[in-house]
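# Results of the structural survey
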Amino acid sequence: MKQFIIRRLGYSLISLIVLSLTIFFFVRVTGDPATLLVEPGASEADIAAIHHQFGLDRPLVVQYLLFMANLARGDLGQSFYYQMPVSELYLSRLPNSLLLAAVAMSFSLLIGIPTGILAAVRVGSFWDSAGKLFALLGLSLPSFFVGLLMILFFSVYLGWLPSSGSGTALHLIMPAFALGWYFAAAHMRLMRSSMLEVLGSEYIKLARLKGLPQALVIGKHALKNALTPVLTLAGINLVLMINVAVIVETVFAWPGVGRLLYEGVSFRDFPVVQGVVILGGAMIVVVNLLVDILYAVIDPRIRLET
Amino acid sequence: MTASFDGGPTNPRRGRPLRATRRDVLGLAALGLAGATATPVHAAAPAGQLTIGVHISLAPTWFDPAETAGIITPFLVMYALHDAMLKPLPGQNPGPCLAESWTASPDGLTYDFVLRPGVTFHNGDPVTAEDVKFSFERYRGTEHATMKERVASVDIADPRHVRFNLKAPWPDFVTFYSSATGAGWIVPKQYVEKVGDDGFKRAPIGAGPYKFVSFTPGVELVLEAHDQYWRKTPGVKRIVMRVIPDESTRLAALKRGEVDIALSIRAELAEEVQRTPGLTLQAPVGSAPYWMYFPEQWDPKSPWHDVRVRRAAALAIDGKTINQALTLGFSHLTNSAFPENFEYYWQPPPPVYDPEQARHILAEAGFPSGFDAGSYTCDIAYANLGEAVLNNLVAVGIRARLRPLERVSFFAGFGDKKFRNIIQGASGAFGNLATRLEAFVVKGGTYAYGNYPELDELFARQATELDRAKREELLFKMQQIVHEKAIYAPIWQLAFICGVGPRVAQSSFGLIKGFVYPAPYEELTLKGA
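Here is what the cut-offs are and how they apply
- Think of each chain on its own: its residues are numbered from 1, step by step along the sequence as written.
- Going through the entries in the order they are written, you letter the chains from A and number the ligands from 1.
- The predicted origin of the model limits local features to residues at a pLDDT of at least 70 and limits the giving and counting of side-chain atom pairs to 80 or more, whereas totals for whole chains, interfaces and linings rest on all residues.
- Put simply, DSSP H or I for four residues or longer makes a helix, DSSP E for two residues or longer makes a strand, and each gets a number counted from the N terminus.
- Each radius of gyration is computed over the set of C-alpha atoms, and the globule rule expresses the reference value as 2.2 Å times the number of residues to the power 0.38.
- Three exposure classes are used, based on other C-beta atoms lying within 10 Å of a residue's own C-beta, which is placed from the backbone: buried for 20 or more, exposed for 12 or fewer, and partly exposed in between.
- Any residue pair is listed as a contact if its two C-beta atoms, each placed from the backbone, are within 7 Å.
- Residues of type Ala, Val, Leu, Ile, Met, Phe, Trp, Tyr and Cys that are buried and joined through C-beta atoms within 7 Å form what is called a nonpolar core.
- Annotation comment: domain bounds sourced from an automatic or database domain assignment.
- Under this scheme, a helix contributes an axis fitted over its contacting stretch, all axes are lines through C-alpha atoms, and angles between N-to-C directions fall in the 0 to 180 degree range.
- Each angle is binned into one of four classes, with values under 35 degrees roughly parallel, values over 145 roughly antiparallel, values of 65 to 115 roughly perpendicular, and all other values oblique.
- Crossing chirality is assigned from the near helix's rotation relative to the far helix, an anticlockwise turn below a right angle marking it left-handed and a clockwise turn marking it right-handed.
- Nonpolar residues are Ala, Val, Leu, Ile, Met, Phe, Trp, Tyr, Cys and Pro. Charged residues are Asp, Glu, Lys and Arg, and all others, Gly as well, are polar.

### Regarding the overall build of chain B
Across its full length, chain B carries 16 helices and 23 strands. Compactness check: chain B gives a C-alpha radius of gyration of 25 Å against a globular reference of 24 Å for 529 residues, within 12% of the reference. Projecting the C-alpha coordinates of chain B onto the three principal axes gives extents of approximately 80 × 60 × 40 Å. A burial count over chain B gives 54% of its 529 residues as buried. The contacts of chain B with a sequence gap of at least 6 include a subset with a gap of at least 24, amounting to 69%.

### Notes on the nonpolar core
By size, the foremost hydrophobic cluster in this structure holds 227 residues, and its most contacted members are B:Met85, B:Leu98 and B:Met292. The greatest single-element share of this core, amounting to 16 residues, is contributed by helix H8 (residues 169–199) of chain A. Two domains share this core, each providing at least three of its residues, namely domain 1 (1–81 + 267–306) and domain 2 (89–266) of chain A. Beyond its immediate stretch of four places on either side in the chain, B:Leu98 contacts B:Asp83, B:Ala84, B:Met85, B:Leu115, B:Arg116, B:Val119, B:Val127, B:Ile186 and B:Ala207.

### Section: the packing of helix H10 (residues 319–327) of chain B against helix H12 (residues 383–396) of chain B
Residue and element names in this part refer to chain B. Following both chains from N to C, one finds H10 and H12 inclined at 150°, their axes separated by 11 Å at the closest point. Taken together, H10 and H12 sit at an angle that is classed as roughly antiparallel. For H10 against H12, the interelement crossing comes out right-handed. The residues of H12 that touch H10, namely those facing Ile322, Ala325 and Leu326, are Asn384, Leu385, Ala388 and Val389. For the contact of H10 with H12, the residue count by class is six nonpolar, one polar and no charged.

### Details of the interface of chain A and chain B
How big an interface is tends to be stated in terms of the accessible area lost upon association of its parts. Across the boundary between the two partners, chain A contributes 40 residues, which contact 40 residues of chain B. Looking at the side of chain A that touches chain B, the elements with two or more residues in it are helix H2 (34–37), helix H3 (44–53), helix H5 (86–121), helix H7 (143–157), helix H11 (246–251) and helix H12 (257–266) of chain A. The leading source of residues in the side of chain A that touches chain B is H7(A), at four residues. Looking at the side of chain A that touches chain B residue by residue, the class counts come to 19 nonpolar, 13 polar and eight charged.

Everything listed here is a matter of coordinates, which is why it stays silent on function.
Listed below in structure tokens is the structure:
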């Protein structure tokens, strides 16, 4: 078990190094941030001064090594645009993203799991078709489109909800739905297929042969096993919701990490993009690591195989 | 600064004290340079809250004039929080602000400023000559190298008198000090030294009409009226600048009354503003003319080498229709590649749309069936304009392909002189006609793909000409040559369309020519407040 954990930790570290290399060089392919910080016609001296100020006049390798050295000390650098430490910016946005993600995730699970169960239990019925349609729309409608439609209907026409911003529970409703629908659809589909698989297993047949009521068979015996992959996916999705809800946060002017990433990309703010991606990646790696360890604890075959 | 016998500083070149005399003041008055009276107009107490839906994330660097970038956006905040010695004001560019007057020596080597009496920063500290000197020396924003290279020293005579000594005559000193840079925006020396640069950005104190209350990055900036503002007591008690990056959401917020002013609304959405009772549109025109540029005009093998072909391209542009379709007719059609609000602007004849004449000229130039013009390269953000112009060109036989590039790639390629055929560009950089000509027309200019010796010669002459009338004549002549040679085919000077809600009595849009934001903020008023 110890070796398994060490090996997994090593993989995680390699993943993060590869991620840091990729994002570091990838953002630099997008162009020179100085071009966005001055008007066309600016003198070359001004552009050179910006390069110098941000350390962009150094060789790329030196920039990367400095970035990694700072990262090892927990310093994500200084935002070009905000002129503030990226970690401070990230932490100021994180509570908003956590709140939005928590509500959106609750919504997606509350909708996705029951509809998935219903669709699996009543295969081919109206409920199954309705569930499939719900999933199809959730997965295929772009979240900006859903968001704008909601703003138009609930804010402008009905006047029930604020169009954007944050601060009250009412501000949360539309962005949480727009963000949660996609994930609710994904959870619903997985729940349905997982439940169908479980319902076809021998122990469920046995439970039914024993004459257990349908609700007990589904609710007690099938649900527990069918839920495992859904919750695993939900864990990863939660990290995605926190870090990459770029479109929803932008449409609803929700001040979260996703919008910070959008701002970073828009302004070629390399440290912000690097910081958000690295922290998001680190969260995913940590969640995966924990899941792997948990699986290994539950199922010894896994730690022996890998 | 050297000490004089009475303890006051002296001008090192002339050796006389810098203290302003009665004769100086009379001289200023005679020159007509004395500014507005020092007595502030105190209207009713500020009242109410006005929320502005801002299209872009506000950056703390904009709270510190020392870091003014060469773009107009920081002035959205600076006009509220800070004040300058001189700055563009309604009907005056530059207008006297913290400096109630200024004068230049006949040799153009010294500029004397007299500070307005009784003006204080938001923390109650008086604005003094020390703050002026400190702010200038601390300045590290756009063109700071130019400023520092040309200014030999800043001398303080007394708390109200400050002198800038130049190394050589520089006719554009006031342009740079008042609007092309942030060097003339004054910060409180004592406070900045106490809290440091970072502390200042976190809790800025200025001398502007609004005080800093709070800032949440990516969310909002809250400001409160500075009742003692010298120019006028602000009409609105509290201004909130709320960041709403999505245009449709900004419009929804305006319609719901969540914001009172929505900045930057595209034409399609602006029509919705026009249709909505209670909402009005404001469309100030900024300092960014858009044009086509022909980088191959210096290549004898290219069709663009012939001035008639370039003129035909200009004649082909149906500016009126394009303006109506894309900016609801609010942009200014122009026949100049330079901003109409800039100092030394020469007014060309109005633009003409005449496709028949364009075809005729092309035939005369040897292209009766038109020609394949290659690529029409533009910034993707303005590809809609490019598409419309391209259709006009095709209609007269100039066949080109639209090549929209992402903004960074576009300006990098433009500056590196990598493009050929046709370039659609623009610039909103501050300055005056001389600074604009330097970048876009004169030999070695950042965006000049070639040069004309007569223009270079005229530019060199104007750069040292201290007589304003003679300098104007030279710069007019340069613009006439640019026009005659059709170096550029101008399209329009772009309007910045904004929506205004029913609570706003005066939005301040357009009060300052060429400035697209609702300033001066002290002029903003709410109905019934």
